[in-house]
Structures are given as structure tokens and as C-alpha cells.
Amino acid sequence: GLKLKVPYSPLVIVVGMILGVLLDELGFIGESIVTSHRMNPDLILIVFMPALLYEALFLCHWHTVKKILPQILLLSLPGVVLTTILVAITIKYILRYDDTFSWADAMLFGSIFASTDPVAIIS
């Protein structure tokens, strides 16, 4: 396969920007890009995410996972909980959104903010 020295995520962003600028000149490819913008986001979550996660799991070596499992658990469990609490405290007291956000809302926002993006980790 073709190996590039450019990281995958920035490359996808640059290609997307170029395609966005050249949208009218691309003909049916441009039309399909416009159509993809109207795609249901749940379709992406239900169809593409399991495939991406399965590929990452399939390519993962168990001995590597076993070796770094303590770091994985430390960052995924208490790290996310701590970040959730810190974001909620920041929203309520530092940013002074006390009248806008209840504690439940602030914790919900914190949990969304603290959760990891599996596709970003894979890339």
C-alpha cells in the first residue's frame, strides 16, 4: 500500500477543504458530496462507527493492549469522571452560568466534553 508521511486526520481535512472549494467544478462527484451533507447523522453512528471500531480492534495486538491496560483504565474511568466534575464546576462557578445550567446540565455537558473520540484515538 501507499504510505504517506502526513498524518491521516489533517490529510482528510485538507482534502475536504479542497473538495469544498471545487464543489461546482466536480460534476457528479460534487453533487454526491452535497447529497452526503443531507445524510442522517444516525446512519453514520449506526453504520460507519462499528466498522471503524471493529477494524481498530481487529488490527490491535492483544499483548500491546495487555501491556498498556493500566494506563487505558486510568484514563478512561477516573480520568473521564474527574474531567466531568471539573468541567461542571468550571461552568457553575468560574464561568458563572449558575442560573443557566443546573448541576445535572453541567455534569451532562462535562461528560460529553470529557468523553473520548474513538475515531480520533484510532487515527
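Here the structure is a predicted model, which is why all the values come from computation and not from measurement.

(A) Looking closely at the packing of aromatic side chains. A complete count under the given rule lists five aromatic pairs for this structure. An angle of 20° between the planes, with centres 5.9 Å apart, marks the rings of tyrosine 54 and phenylalanine 58 as stacked. Of this pair, tyrosine 54 and phenylalanine 58 both sit in helix H3 (residues 41-59), separated by four residues, roughly a single helical turn. Residue tyrosine 54 shares its accessibility class with phenylalanine 58, and that shared class is exposed. Here the aromatic rings of phenylalanine 101 and phenylalanine 109 are separated by 6.4 Å at their centres, their planes lie at 55°, and the arrangement is tilted. Judged by relative accessible area, phenylalanine 101 falls into the partly exposed class, the value being 25%. Phenylalanine 109 sits in the partly exposed class, given a relative accessible area of 41%. Pairwise contacts between aromatic rings join Tyr97, Phe101, Phe109 and Phe113 into one cluster.

About the cut-offs
Every chain's residues receive numbers from 1 upward, in the order its sequence appears when written. Per-residue local features of the predicted model are confined to residues with pLDDT of at least 70, and side-chain atom pairs are confined, for both listing and counting, to 80 or more; whole-chain, interface and lining totals are unaffected and use all residues. To obtain the side-chain values, all non-hydrogen atoms of the structure were included, while hydrogens and water were left out. For Phe, Tyr and Trp, where Trp contributes only its six-membered ring, two rings pair if their centres lie within 6.5 Å, and the inter-plane angle classes them as stacked under 30 degrees, edge-to-face over 60, or tilted in between. Elements are defined by DSSP. Helices are runs of H or I of four residues or more, strands are runs of E of two residues or more, and each kind is numbered from the N terminus. Note on exposure labels: buried denotes an accessible area under 20% of the residue type's maximum, exposed denotes more than 50%, and partly exposed covers the range between, all computed with a 1.4 Å probe on protein chains only.

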